[in-house]
Amino acid sequence: MDQYEIDEILRINKFELAGEILIEEKYFGPSPKFSLFDEYKTGNKSKFKGWVYLWVHIVNNNYSNICYVGKAGGAIKDRCNQHIGGARPGSSGSQKGRKNAQRIKDCVEDGGRMEIFVRKSADGNLLGETNICLCESEERAMIQKLRRLGAELWNKDK
């Protein structure tokens with residue numbers, strides 16, 4: 001994917017820039033640090049639940065790659081904290097979380113940065129139930145769409 005295709009994905013699907021992902025070196029290795037805009041940390045959008053988010057690698061102020069697609073059934077700030085926990089050593093973290101932290105570090109060390117884009121997922125009616133968050137379905141659809149367009153996602157197969 002090139003920067004124009006990425007820009008179209010973000011625009012057409014109404015993703016908003018929510019902040020960036022930094023890396024902190026801890027005693028156990030790299031750990032992601034999410035620097036979210038105030039509206040997502042403590043503001044009005046901090047209370048919203050049900051998001052799809054993208055980690056977008058930026059190089060020389062141009063979109064380079066959409067690296068990761070995720071979903072947050074709760075608040076986006078809470079999901080970011082789970083990613084931080086995933087980078088911890090031992091059983092409190094995960095192999096995937098540590099691998100993603102290293103990948104973010106590699107992207108940042110190469111002179112780039114990692115930005116997080118979010119979109120509030122729709123709610124729908126399913127099986128006679130109202131207000132069902134569609135974030136899981138939207139995440140799967142976005143992964144499928146991006147893979148079809150040639151994005152090199154870090155997501156395992158879904």
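See the structure shown above.
Let me sum up the structure you'll find in this document.

Procedures and definitions
Residues numbered from 1 in each chain as written. Predicted model: local features only at pLDDT ≥ 70, side-chain atom pairs only at ≥ 80, totals over all residues. Heavy atoms only, no water. Core = buried A, V, L, I, M, F, W, Y, C linked by side-chain atoms within 4.5 Å. Buried < 20%, exposed > 50% of the residue type's maximum accessible area, 1.4 Å probe, protein only. Helix = DSSP H or I, 4+ residues; strand = E, 2+ residues; numbered from the N terminus. Contact = heavy atoms within 4.5 Å. Pairing = 2+ DSSP bridges. Axes fitted to C-alpha atoms, helices over the stretch in contact; angles between N-to-C directions. Phe/Tyr/Trp six-rings, centres within 6.5 Å; stacked < 30°, edge-to-face > 60°.

Looking now at the nonpolar core. Core analysis: the biggest nonpolar cluster contains 19 residues, and Trp-55, Ile-76, Met-114, Ile-116, Val-118 and Trp-154 have the highest contact counts within it. The set of elements that each furnish at least two residues to this core consists of strand 1 (16–26), strand 2 (29–36), strand 3 (51–59), strand 4 (62–72), helix 3 (76–86), helix 4 (95–109) and strand 5 (113–120). The contact partners of Val-118, leaving out residues within four places of it in the chain, are Lys-14, Phe-15, Glu-16, Ala-18, Tyr-40, Trp-51, Val-52, Tyr-53 and Ile-76. Residues Val-52, Leu-54, Phe-117 and Met-142 belong to the second largest nonpolar core, which totals 17 residues.

Next up on the list: the sheet that holds strand 5. Spatial ordering of the open sheet is given by 2-1-5-3-4, a layout of five strands whose pairing is antiparallel. Each of the sheet's edge strands pairs with one partner strand only, and the pair in question is strand 2 and strand 4. Adjacent strand axes in the sheet meet at a mean angle of 30°, parallel and antiparallel pairs treated alike. Here strand 3 runs beside strand 4; their pairing, made up of nine bridges, is antiparallel. Bridge pairing in strand 4 links Val-56 to Ile-66.

Counting across every chain of the model gives nine aromatic pairs. Arranged with centres 6.3 Å apart and planes meeting at 75°, the rings of Trp-55 and Trp-154 form a pair that is edge-to-face. Taken together, the residues span a long stretch of sequence, with Trp-55 in strand 3 and Trp-154 in the segment after helix 5 (135–148) at a distance of 99 residues. Given the relative accessible area of 1%, Trp-55 is considered buried. Looking at Trp-154, the relative accessible area reads 15%, which means it is buried. Ring geometry for Tyr-63 against Phe-117: centres 6.1 Å apart, planes inclined by 70°, an arrangement best described as edge-to-face. Of this pair, Tyr-63 sits in strand 4 while Phe-117 sits in strand 5; the two residues are 54 residues apart in sequence, bridging distant segments of the chain. Looking at Phe-117, the relative accessible area reads 6%, which means it is buried. An aromatic cluster is defined as three or more aromatic residues linked by ring pairs; in this entry it consists of Phe-34, Tyr-53, Trp-55, Tyr-68 and Trp-154.

Everything listed here is a matter of geometry and, on its own, says nothing about what the molecule does.
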